[in-house]
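# Fold and contact review
Okay, here's what each chain looks like letter by letter:
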Amino acid sequence: MTTAVQKAQTVQQNNETNTPPATQAVPRVCLVTGGTGGIGTEICKRLARAGHVVATTYRNEEKAKAWKAQLAAEGYTLHIYKCDVADFEDSQRAVKAIVADLGPITVLVNSAGITRDTTLRKMSHDQWREVISNNLDSVFNITRPVLDYMLENNFGRIVNISSINGQKGQFGQANYSAAKAGMHGFTKALAQEVAKKGITVNTVSPGYIDTDMIQGVPEPIRLGIMSQIPVGRFGKPEDVAHVVSFLVEEGSGFITGANIATNGGHFMD
Ligand code: CAA
């Protein structure tokens, strides 16, 4: 007896229009900033597995080389470019280099980010500026040059990786919460500007994901945070990569200006 799945496969095989099935990605050049980080790495892998050409930026040469070698050993071909995303000129230079090597970027994931946690009364101006420039200025610095290629191609997918703490605020993170909330303001404004050009702009707001960043939080505080997560665990980088890959699909063109919480129920807007 022919099963429903086999029937669907036959329909696909006989598809004379050659339109790709909804789950098959049209190959794109993707740029993932902060791709060598915990969440960024998983996003790079996921997009590469979907058949895309994936580039990422890095600042630390040694870390990036080891990262590339590790992923090559796992069977991934990824392209790395030195770039300080907090610097506008350097970002413009890196985007040009990527496009010259790989072709126009039509998928952008702004995932680069840092923390400098401390209460506001102890926060230095440098700790404020570092977080704002690396987490928020960077979104402008990279998106501004990349957008030109998306407009030329009448297609684009921009995903900004924000945070639960941009939504609810967090003790000790006035700088980070401000930058992450700012990212979603950027998303909503740009989504309106480019909606008619085939370009979507969305925010993904991960909750506490098990990465080095979370491991940097003192253990008693970390365990206290975990007890507040209804799902009962920290998230995995794969949980976030899954949402990103969905948003960049061809079929996600009607989702724009959204903020997708990926936090195990930790905060419900
Ligand atoms: N709410 C209210 N009060 C709190 C509090 C909270 N969440 N946490 C601490 N306090 C109180 C303390 O009880 C203490 O009170 P007393 O002075 O009356 O004893 C006072 O505030 C000072 O607290 P600390 O001694 O802990 O202050 P500190 O300067 O040593 O540490 C901190 C401050 C470094 C910010 C520390 O609280 C901390 O690491 N918090 C966690 C921050 C956090 O969640 N970071 C997330 C990193 S991961 C990430 O950012 C990824 C993502 O997107 C989710």
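Owing to the predicted nature of the structure, the values given are computational and were not obtained by experimental measurement.

Our focus in this paragraph is the pairing of strand β4 (residues 105-110). Looking down a regular strand, the side chains alternate between one sheet face and the other. Of all six residues that make up β4, six are buried, and the element is covered over most of its length. Pairing geometry for β4 and strand β5 (residues 156-161), over four bridges, is parallel. By the bridge assignment, Val107 is partnered in β5 with Arg157. A crossover connection joins β4 to the parallel β5 through helix α5 (residues 125-153); in handedness this β-α-β unit is right-handed.

For the rest of this paragraph, the subject is the site of the ligand. Around the ligand, 18 residues are found, and the nearest of them are Asp117, Ser163, Phe171, Gly172 and Met213. For the shell around the ligand, the secondary-structure elements that each account for two or more residues are α6 (164-168) and α8 (212-215).

In this model, the protein carries an average pLDDT of 93, and 91% of its residues clear a pLDDT of 70 or more. Low pLDDT (under 50) marks residues 5-22, which in the prediction has four contacts with non-local residues, meaning those over four places away or in another chain.

Right, let's get into the sheet that holds strand β3 (residues 79-82). An order of β3-β2-β1-β4-β5-β6-β7 is seen for the seven strands of this open sheet, with the pairing classed as parallel. Sheet topology places β3 and β7 (259-262) at the edges, where each strand pairs with a single neighbour. The sheet shows a mean angle of 20° between the axes of neighbouring strands, taken without regard to direction. As judged from the six bridges shared by β5 and strand β6 (residues 199-206), these two strands associate in the parallel manner. Across the sheet, Ile158 pairs through a bridge with Val201, a residue of β6. Here helix α2 (residues 38-49) sits on the sheet and contacts β1 (29-32), β2 (53-58), β4, β5 and β6; the angle it forms with β2, its principal contact strand, is near 160°.

Conventions adopted
Residues numbered from 1 in each chain as written. Predicted model: local features only at pLDDT ≥ 70, side-chain atom pairs only at ≥ 80, totals over all residues. Buried ≥ 20, exposed ≤ 12 C-beta atoms within 10 Å, placed from the backbone. Helix = DSSP H or I, 4+ residues; strand = E, 2+ residues; numbered from the N terminus. Pairing = 2+ DSSP bridges. Right-handed = clockwise from strand over helix to strand, strands pointing away. Near = placed C-beta within 6 Å. pLDDT = per-residue confidence, 0-100. Contact = placed C-beta atoms within 7 Å. Axes fitted to C-alpha atoms, helices over the stretch in contact; angles between N-to-C directions.

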